[in-house]
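Coordinates in review
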Amino acid sequence: MATSAEAPQRPEPVELPKRGKRAKRSPIARRQARTAYVFLAPALVFFAIFFYYPIADILNTSMLTGQRADEFAGLDNYTNAFEDPQARNAFKVTLQFAVATTVGAIVLGMGLAVLINQKLRGSLAFKLALLVPYLTSIAVVGLMWRNILDPELGILNRILSDLGLPTQEWLNTHPVATIVAVTLWMTTGYTMILFLAGLQGIPDVYYEAAKVDGASRWQQFRRITVPLLTPTTLFVSVMAVITGLQAFGQAYIITRGGPGEASDLFVFHIFELAFRSRNFGYASALSVLLLLVIVAFTLVQLRIGRKREVQY
Amino acid sequence: MTAGTSKAIAYVLLTIASLITIVPLLYTVSLSLQTEKEMLSAESVLWPESPQWGNYSTLFEEAPFGSFILNSLIVAGAIALSHLIFDPLVGYVFAKFEFPFKNTLFVAILATLMIPLFVRMIPLYVMMSDLGWLDSYQGLIVPFLMDGFGIFLMRQFIQPIPDDLIHAARVDGAGEFTIYWRIILPQCKPALAVLGLFTFVFQWNEFLWPLVVTTSERMRTIPVGLTQFSQEQFQLWHLTAAGSVIMFVPTALLLIFSQRYFVRGITLTGLK
């Protein structure tokens, strides 16, 4: 982007007519539009087929039933979903998971960002170390923690028993809390980077003024940092809720949704219904419902965010 | 509290946090080099007595790991290449052209960022099945050839390039594609590097779609192949760990070769 600064400021050689409402287009404008559409054509076809058609298709499939999804069922799949104890359980578990990962992401991400923002030497090394898990596949992360937390073979329990402490079966006793912790282990570095970008947008003068007024570090954090980070916090919380509600690998790889259905994340539930039970119609209806929940959450968060927006 | 003590506290806490992220990964490396006996022993083995490099070759005998790697390279490579071809071209059109329905189309493309994979998963599976593309490279690759984010990123990057450059080239009689190829693309090199690397790594790591669309062992990508392997052979944890280390190589290369760049890159592209 460095080039823009050096470009000579000359009047434009060919002044393009501004878009008039249905006015006659000049030959140049018409040629430009034609070029634009030629360049765009592959993308438009792609997004129509692989993003918009699937939405239409899933709405259609969600009203079908039967092994081959060929009988019309109207809204039965939707009404059934509300009474299905398994679907309700999966929803409850997923909501807990999403809320916990979101709160954790904000607290840990903001905390680490504030720590690292003090112009420390070696801060790049800390950033990279904290970011590594985010760029690791959920497959590697999931398998690694399943092994580390294993009641007998896991290194954590072997260390505990070496120390004469009782061993723990975290994945059986606290499955949701455990996958929340693993998820935070994986994503906190990324959240931290987002908060760091937000922190760097807060002008130093506020802190200097606060220091002159004798504000403690905690007061500065509470009265300057937190309110001025609101846009970042909002962005992080929207992102974290969205990703939390559609988490899949944690259940598929680490807990298999168990014990029982204690960690039956919603997308894992949908996956099992579609590809194990071959119940495409019902699985489609549940997908649509989850999408609606995600959209609703996003809208509510954005609305809360707008009310809380602060300007100094 | 002086600035000195608060920095000291920050160092301590950040060191603890970094150890929490790094130590489990190092332990995975250790596990990949342990003997079966060390791995199964009741006592904790933090580092093997003599590293068993042979575990890595055993892994290739126990599972078609070579195919997994090749499949992952082909799929992530093809998708990254496609993004490098289409994202800047489409981004350029939205940055520099005026045409009817421009805003509508741009919003329509950006809106696809709100369509999560789980919503596309079942329809795409049925589509792939109708096309006969289940368990094939086309099935793994084609649904991910472009996405709204790469296009948005490239549009933002191209917008500040001065229009004068484009107009001057037009006056000189350059064709539209030549302008894109000779003038716009060369200016995008840093953005293209970020786009290509991150697309590759995220696709290399992708788990859900390859799990859905592959049915035979030989078409699996590494994340899926490794997960299935560990579920079938759950007593062979040291080999699963060896597979995890192999899987981690592209991320490590990305970290080593980009560093400072990399933190900026992730701020830009981290949205999966």
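Residues numbered from 1 in each chain as written. Chains lettered and ligands numbered in written order. Predicted model: local features only at pLDDT ≥ 70, side-chain atom pairs only at ≥ 80, totals over all residues.

**Quick word on the overall build of chain A**
Basically, it comes down to this: Strands here are runs of E lasting at least two residues and helices are runs of H or I lasting at least four, both read from the DSSP assignment and numbered beginning at the N terminus. The exposure scheme places C-beta atoms from the backbone and then counts, for each residue, the other C-beta atoms within 10 Å of its own, assigning buried at 20 or more, exposed at 12 or fewer, and partly exposed in between. Here contacts are defined at the residue level, using C-beta atoms placed from the backbone and a cut-off of 7 Å between them.
In terms of regular secondary structure, chain A is built from 15 helices and two strands. Its C-alpha atoms give chain A principal-axis dimensions of roughly 80 × 70 × 35 Å. Residues classed as buried in chain A amount to 40% of the 312 residues present. Considering only intrachain contacts with a sequence separation of at least 6, the fraction spanning at least 24 residues in chain A is 69%.

**Some thoughts on helix H12 (residues 230-245) of chain A**
To be explicit about the condition: To estimate the expected span of a helix, subtract one from its residue number and multiply by 1.5 Å.
Between its first and last C-alpha atoms H12 of chain A spans 22 Å; for 16 residues at 1.5 Å apiece the expected length is 22 Å, and the two agree. Among all positions of H12 of chain A, only Thr232, Thr233, Val236, Met239, Ala240, Val241, Gly244 and Leu245 of chain A are buried.

**As for unusual backbone geometry**
Residue and element names in this part refer to chain A. Here the amide bond leading from Gly258 into Pro259 is cis, since omega sits at 0 degrees, within 30 degrees of zero. Despite not being glycine, Arg256 shows a phi value in the positive range, around 55 degrees. In this structure, Arg256 sits in the loop between helix H13 (249-255) and helix H14 (266-275).

**Some remarks on the confidence of the model for chain B**
Formally: Scored from 0 to 100, pLDDT reflects the predictor's confidence in each residue.
When pLDDT is averaged along chain B, the result is 89; 94% of the residues meet or exceed 70. Interface confidence in the predicted complex, given as ipTM, is 0.89; pTM for the same model is 0.88.

**Some words on the interface of chain B and chain A**
Note the cut-off: Throughout, the ten residues Ala, Val, Leu, Ile, Met, Phe, Trp, Tyr, Cys and Pro are labelled nonpolar, Asp, Glu, Lys and Arg are labelled charged, and all others, Gly among them, are labelled polar.
With 76 residues of chain B in contact, the opposing surface of chain A contributes 79 residues. Ranked by the residues each element gives to the side of chain B that touches chain A, the list is headed by helix H1 (residues 3-32) of chain B, at 14 residues. Of the residues contributing to the side of chain B that touches chain A, the split by class is 50 nonpolar, 17 polar and nine charged.

**A few points about the packing of helix H9 (residues 175-199) of chain A against H12 of chain A**
The geometry of a pair of packed helices is captured by two quantities: the angle between their axes and the separation between those axes. Residue and element names in this part refer to chain A. What counts is decided by this rule: Axis angles are defined between N-to-C directions and span 0 to 180 degrees, where every axis is a line fitted to C-alpha atoms and, for a helix, only to the segment in contact. Working rule for angles: under 35 degrees goes down as roughly parallel, over 145 as roughly antiparallel, 65 to 115 as roughly perpendicular, anything else as oblique. In this scheme the handedness of a crossing depends on how the near helix is turned from the far one: anticlockwise by less than a right angle means left-handed, clockwise means right-handed.
Running from amino to carboxyl end, H9 crosses H12 at an angle of 155 degrees, the nearest separation of the two axes being 9 Å. Judged by the inter-axis angle, H9 sits roughly antiparallel to H12. The way H9 lies across H12 gives a crossing that is right-handed. Contact residues: Thr191, Leu194, Phe195 and Gly198 in H9; Pro231, Thr232, Phe235 and Val236 in H12.

**Regarding the packing of helix H5 (residues 123-131) of chain A against H9 of chain A**
Residue and element names in this part refer to chain A. At a closest axis distance of 7 Å, the pairing of H5 and H9 adopts a crossing angle of 135 degrees. Of the possible angle classes, the one that applies to H5 and H9 is oblique. Residues Lys127, Leu130 and Leu131 of H5 lie in contact with H9, whose contacting residues are Thr188, Gly189, Tyr190, Met192 and Ile193. Looking at the contact of H5 with H9 residue by residue, the classes come out as five nonpolar, two polar and one charged.

**Some remarks on the nonpolar core**
Basically, it comes down to this: By definition, a nonpolar core groups buried Ala, Val, Leu, Ile, Met, Phe, Trp, Tyr and Cys residues that connect through C-beta atoms lying within 7 Å of each other.
Core analysis: the biggest nonpolar cluster contains 153 residues, and Phe248, Leu265, Val267 and Ile270 of chain A have the highest contact counts within it. Not counting residues within four places of it along the chain, the set of residues in contact with Ile270 of chain A comprises Ala283, Leu286 and Ser287 of chain A together with Phe118 of chain B.

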